[in-house]
Amino acid sequence: MAAPRASAARGFDAAQVRRDFPILEQHINGRPLVYLDSAASSQRPLAVLRAVEYYETHIHANVHRGVHTLSQAATDAFEGARERARRFINARSTREIVFVRGTTEGINLVAQSFGRARLGKGDEILISALEHHANIVPWQMVCEQTGCTLKVAPINRRGEVELESLLGLLNARTRLVAVAHVSNALGTIVPVERIVQAAHSCGALVLIDGAQAVAHSPIDVRELGCDFYAFSGHKLYGPTGIGVLYGREELLAEMPPWQGGGEMIRTVSFERTTYNELPWKFEAGTPNISGAVGLAAAMDYLESLGLEALAAHERHLLTQATAAIERLPGIEIIGTAAHKAAVLSFTMRGCHPHDLGTILDSQGVAIRTGHHCAMPVMTFFDIPATARASFGCYNTEADVAALVAALEKAREVFS
Amino acid sequence: MDLKDLYRDVILDHNRQPRNFGVLTHPDAHADGHNPLCGDRLTVWLRLDGDRVADIRFEGKGCAISTASASLMTEAVKGKDRVAIQQLYERIHTLLTQPHVAASDASLGKLAALAGVSEFPARVKCATLCWHTLNAALEHSADAVSTE
Ligand SMILES: Cc1ncc(COP(=O)(O)O)c(C=O)c1O
């Protein structure tokens with residue numbers, strides 16, 4: 001392994017970036033922390049922590065419901081964050097940006113609002129076999145509620161969605177296609193552009209689960225042409241408990257609210273309630289205001305790094321880590337798609353992923369082990385679990401070296 | 001945190017070569033256990049002689065801690081009656097969660113090799129899955145038990 005350098009990707013200095021993340025300065029079990037679990041949740045840079053702190057110490061009040069100065073300032077901060085998010089994914093209007101708790105809530109919103117109101121017996125929802133449980137279970141619930149049917153497009157041994165099969169499953173009964181942009185368990189980048197085109201030509205809508213995509217490459221929802229796009233702040237160097245559901249305005253306007261309460265109404269009487277306009281129609285109750293502020297700061301931060309440069313840096317780390325790990329005896333990489341992003345899932349012969357996770361942790365290396373909320377993927381590969389290393393803007397070649405050294409340690413223990 | 005304390009030679013040995021591993025034909029009772037968090041699965045079969053476990057076997061897929069714990073358990077409970085097994089389980093539980101209380105418990109024999117698990121709270125469930133499953137089998141419950 002080469003001596004740690006900043007990065008081979010020009011214009012991206014991960015060692016410098018690392019200094020923006022105070023949490024990474026600590027030691028775990030006597031070793032410098034090597035954080036390789038950003039796919040589960042990424043760490044937050046100082047810029048995000050400070051934006052949230054400033055909001056909490058200078059601005060906080062409830063939004064949209066006061067004439068006092070702080071209430072106005074908090075409303076401006078919250079709605080400013082919405083505009084920031086609009087720009088981040090290039091939506092047409094802030095009316096298309098619904099703040100939610102995260103990807104899971106965004107998908108459930110579409111399932112319960114669009115799905116429950118518009119789907120029925122004979123209708124089909126199409127997903128793929130590599131989905132996170134968050135993009136499976138909400139649709140199963142809608143199927144139970146409405147009598148519509150869930151179809152699943154298969155994946156191949158490399159962990160790629162079988163595009164031909166998926167296209168073959170599309171038909172006039174297909175009302176909605178819901179697919180991940182990037183698989184969290186395998187790293188596969190799904191060709192969502194092709195899927196959007198084909199689905200639209202069948203008259204079906206498309207929801208993209210962008211949880212694993214937004215932090216790794218620029219997203220342009222207009223270019224993708226998708227109807228819904230959901231993502232989480234905490235995988236984007238932002239806070240937990242905040243995320244975005246993008247929906248095309250024409251669709252959101254026609255969809256019924258899914259939760260009732262304050263914020264989402266215009267007038268309430270016991271005879272008749274009228275709903276607020278977009279996007280507030282879908283935001284019942286006091287929202288996560290500081291979360292939105294932190295998310296906006298995270299988007300500023302990511303764009304200041306340069307998403308293209310970041311993507312190149314992570315590609316470099318993934319290539320390097322893949323090559324280094326493949327050389328170790330007994331390692332099998334799970335997910336070998338031609339196009340992958342920042343996720344490296346693997347197993348080691350003779351050492352259960354759970355044991356691997358403990359041994360790596362003892363070396364200060366944080367990885368995720370388990371089924372990654374994608375049990376059907378584990379079943380497909382006939383394994384109970386994998387070990388998964390995932391990369392973010394602060395990871396360096398030294399982290400890859402530490403991962404490899406820790407894996408060698410595991411082999412030593414289990415030899 | 002010392003890895004050697006968790007992965008003691010006894011543990012590694014019982015993981016590599018689990019004892020009493022494989023199906024028990026004509027069992028009097030059996031139960032399935034599952035730890036959804038890590039995907040560990042385990043089946044325990046028993047042959048009973050009155051109140052006593054005359055024979056016990058297990059099969060499953062799991063991490064080293066869960067496999068070794070099950071293997072050690074089968075050796076330890078064979079020939080014991082329900083009351084003795086229940087007392088043993090309580091001592092194991094203390095060993096896994098309050099190691100200082102259990103330190104002087106010499107009666108645990110080889111099972112004492114599990115002491116290191118207490119330093120790794122995330123792994124305690126791996127070591128107890130087999131005991132919960134044994135318990136379910138003893139209660140003649142055919143239902144799958146879960147540690148979640
Ligand atoms: C692909 C994918 N979809 C959905 C989710 C759910 O995201 P959240 O838990 O933030 O709602 C995740 C998070 O693990 C994910 O990786």
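It should be emphasised that the depicted structure is a prediction, and the values quoted were computed from it without experimental measurement.

## Things to note about the overall build of chain A
Working step 1: A tally of helices and strands in chain A yields 14 helices and 17 strands.
Working step 2: Its C-alpha radius of gyration of 22 Å places chain A within 12% of the 22 Å reference for a compact globule of 415 residues.
Working step 3: Dimensions along the principal axes, computed over C-alpha positions, put chain A at roughly 75 × 55 × 35 Å.
Working step 4: A total of 415 residues make up chain A; the buried ones form 59% of that total.
Working step 5: Working note: accessible area of chain A is about 16,400 Å², and carbon and sulfur atoms make up 51% of it.
Working step 6: Here chain A contributes 38 positive and 43 negative side-chain charges, whose respective centroids are spaced 2 Å apart.

## A look at the packing of aromatic side chains
All names here are of chain A.
Working step 1: On inspection of all chains with the given rule, the structure shows 12 aromatic pairs over all chains.
Working step 2: Ring centres of Y237 and Y394 lie 5.8 Å apart, and the angle between their planes is 90°; this geometry places the pair in the edge-to-face category. With Y237 in the loop between β9 (228-232) and β10 (243-247) and Y394 in the loop between β17 (386-390) and α14 (397-413), the pair connects residues that are 157 residues apart, well separated along the chain.
Working step 3: An aromatic cluster of three or more residues is present, and its members are F21, Y35, Y237, Y301 and Y394.
Working step 4: The side chain of R157 reaches across the aromatic face of F380, ending 5.2 Å from its centre.

## Topic: the nonpolar core
Working step 1: Counting 79 residues, the largest nonpolar core has A:I89, A:V177, A:Y229, A:L236 and A:C393 as its most contacted members.
Working step 2: When residues of this core are assigned to their parent elements, the largest contribution, nine residues, is made by helix α10 (residues 289-305) of chain A.
Working step 3: Excluding its chain neighbours within four sequence positions, the residues that come into contact with A:I89 are A:I97, A:I219, A:D220, A:V221, A:F231 and A:Y246.
Working step 4: By size, the runner-up hydrophobic cluster in this structure holds 77 residues, among which are A:L403, B:A70, B:F120 and B:A137.

## Structural notes on the sheet that holds strand β6 (residues 149-153) of chain A
Residue and element names in this part refer to chain A.
Working step 1: The seven strands are arranged β4-β10-β9-β8-β7-β5-β6 in an open sheet whose pairing can be described as mixed. One side of each edge strand has no neighbouring strand; the edge strands of this open sheet are β4 (97-100) and β6. On average, each strand axis in the sheet is inclined to that of its neighbour by 20°, with strand direction left out of account.
Working step 2: Here strand β7 (residues 174-180) pairs with strand β8 (residues 205-209) via five bridges, running parallel.

## What to know about the interface of chain A and chain B
Quite often, the size of an interface is put as the accessible area lost when its parts meet.
Working step 1: With 19 residues of chain A in contact, the opposing surface of chain B contributes 21 residues.
Working step 2: A combined buried area of about 1,400 Å² lies between chain A and chain B, and 61% of that area is made up of carbon and sulfur atoms.
Working step 3: Contact with chain B buries area across many residues of chain A, yet A:H354, A:T358 and A:V413 alone supply 34% of it, more than any other trio.
Working step 4: Taken together, the links from chain A to chain B amount to one salt bridge.

## Details of the packing of helix α12 (residues 353-362) of chain A against α14(A)
The axes of two packed helices give the description: the angle between them and the distance between them.
Residues and elements named next belong to chain A.
Working step 1: At a minimum axis separation of 9 Å, α12 and α14 run at an interaxial angle of 120°. By the angle class used here, α12 and α14 are oblique. Relative to α14, α12 is oriented so that their crossing is right-handed. Residues L356, I359 and L360 of α12 touch α14, and the partners they reach there are L403, A406, L407, K409, A410 and V413.

## A closer look at α12(A)
Residues and elements named next belong to chain A.
Working step 1: Burial runs high along α12: nine of the 10 residues are buried.
Working step 2: Listed in full, the buried residues belonging to α12 are P353, H354, D355, L356, G357, T358, I359, L360 and S362.
Working step 3: Where α12 ends, the next residue or the one after it, G364, has phi of about 85°, a positive value.

## Concerning the site of the ligand
Residues and elements named next belong to chain A.
Working step 1: Surveying the vicinity of the ligand reveals the residues G102, T103, T104, H132, A134, N184, D209, A211, Q212, S232, H234 and K235.
Working step 2: One of the side-chain N or O atoms of D209 is found 2.5 Å from a nitrogen atom in the ligand.
Working step 3: In this structure, Q212 approaches the ligand through a side-chain N or O atom, which is 2.7 Å from an oxygen atom.
Working step 4: Split by residue class, the shell around the ligand holds two nonpolar, eight polar and two charged.

## So, the sheet that holds strand β14 (residues 343-348) of chain A
All names here are of chain A.
Working step 1: Spatially, the four strands line up as an open sheet ordered β13-β14-β17-β16, and their pairing is antiparallel. Single-partner strands in this sheet number two, and they are β13 (331-334) and β16 (368-370). Averaged over all neighbouring strand pairs, the angle between strand axes comes to 30°, with direction disregarded.
Working step 2: Pairing between β14 and β17: four bridges, direction antiparallel. Paired with L344 across the strands is A389, a residue of β17.
Working step 3: Relative to β14, α14 is tilted by about 15°, and along the sheet it contacts β13, β14 and β17.

## What about the state of the cysteines?
Such a bond, covalent and formed between the sulfur atoms of two cysteines, is termed a disulfide.
Working step 1: A complete count under the given rule lists zero disulfides over all chains for this structure.
Working step 2: Looking at A:C148, it has no disulfide partner, and the nearest cysteine sulfur is the one in A:C143, 3.7 Å off.
Working step 3: On the basis of relative accessible area, A:C148 is assigned to the buried category, the value being 6%.
Working step 4: Summary of cysteine pairing: B:C130 is not part of a disulfide, and the nearest cysteine sulfur, belonging to B:C63, is at 10 Å.

## Overview of the packing of helix α4 (residues 103-118) of chain A against helix α5 (residues 137-146) of chain A
Residue and element names in this part refer to chain A.
Working step 1: At a minimum axis separation of 9 Å, α4 and α5 run at an interaxial angle of 20°. In terms of axis orientation, α4 runs roughly parallel to α5. As α4 packs across α5, the resulting crossing turns out to be right-handed. Within the contact between the two elements, α4 uses I107, N108, V110, A111, Q112, G115 and R116 and α5 uses P138, W139, V142, Q145 and T146.
Working step 2: Taken together, the residues of the contact of α4 with α5 sort by class into six nonpolar, five polar and one charged.

## With respect to the environment of A:A398
Working step 1: Structurally, A:A398 is set in helix α14.
Working step 2: Note on A:A398: relative accessible area 30%, which makes it partly exposed.

## Brief notes about the confidence of the model for chain B
Working step 1: Across chain B, pLDDT averages 89, with 91% of residues at or above 70.
Working step 2: Confidence metrics for the complex model read pTM 0.93 and ipTM 0.88.

## Details of the pairing of β9(A)
Strand residues, when the strand is regular, have side chains that alternate between the two faces of the sheet.
All names here are of chain A.
Working step 1: Burial analysis of β9 places five of its five residues in the buried class, the great majority of the element.
Working step 2: Taking every second residue as pointing to the same face, both faces of β9 are buried, with F228, A230 and S232 on one and Y229 and F231 on the other.
Working step 3: Strand direction decides the pairing type here: β8 and β9, joined by three bridges, are parallel. From the neighbouring strand, D209 faces β9, where its bridge partner is A230.
Working step 4: One ladder, built from five bridges, connects β9 with β10; its direction is antiparallel. Across the sheet, the residue bridging to F231 is V244, located in β10.

Calculation rules
Residues numbered from 1 in each chain as written. Chains lettered and ligands numbered in written order. Predicted model: local features only at pLDDT ≥ 70, side-chain atom pairs only at ≥ 80, totals over all residues. Heavy atoms only, no water. Helix = DSSP H or I, 4+ residues; strand = E, 2+ residues; numbered from the N terminus. Rg over C-alpha atoms; globule rule 2.2 N^0.38 Å. Buried < 20%, exposed > 50% of the residue type's maximum accessible area, 1.4 Å probe, protein only. Areas by Shrake-Rupley, 256 points an atom, 1.4 Å probe, with all protein chains shown as cover. Lys, Arg positive; Asp, Glu negative; His and termini not counted. Charge placed at Lys NZ, Arg CZ, Asp CG, Glu CD. Phe/Tyr/Trp six-rings, centres within 6.5 Å; stacked < 30°, edge-to-face > 60°. Lys NZ or Arg CZ within 6 Å of the ring centre and 35° of its normal. Core = buried A, V, L, I, M, F, W, Y, C linked by side-chain atoms within 4.5 Å. Contact = heavy atoms within 4.5 Å. Pairing = 2+ DSSP bridges. Axes fitted to C-alpha atoms, helices over the stretch in contact; angles between N-to-C directions. Buried area = accessible area lost by both parts, 1.4 Å probe. Salt bridge = Lys/Arg side-chain N within 4 Å of Asp/Glu carboxyl O. Parallel < 35°, antiparallel > 145°, perpendicular 65-115°, else oblique. Left-handed = near helix turned anticlockwise from the far one by under 90°. Near = heavy atom within 4 Å. Polar contact = N/O pair within 3.5 Å; in protein donor to acceptor, adjacent residues only side chain to side chain. Nonpolar A, V, L, I, M, F, W, Y, C, P; charged D, E, K, R; others polar. Disulfide = S-S within 2.5 Å. pLDDT = per-residue confidence, 0-100.

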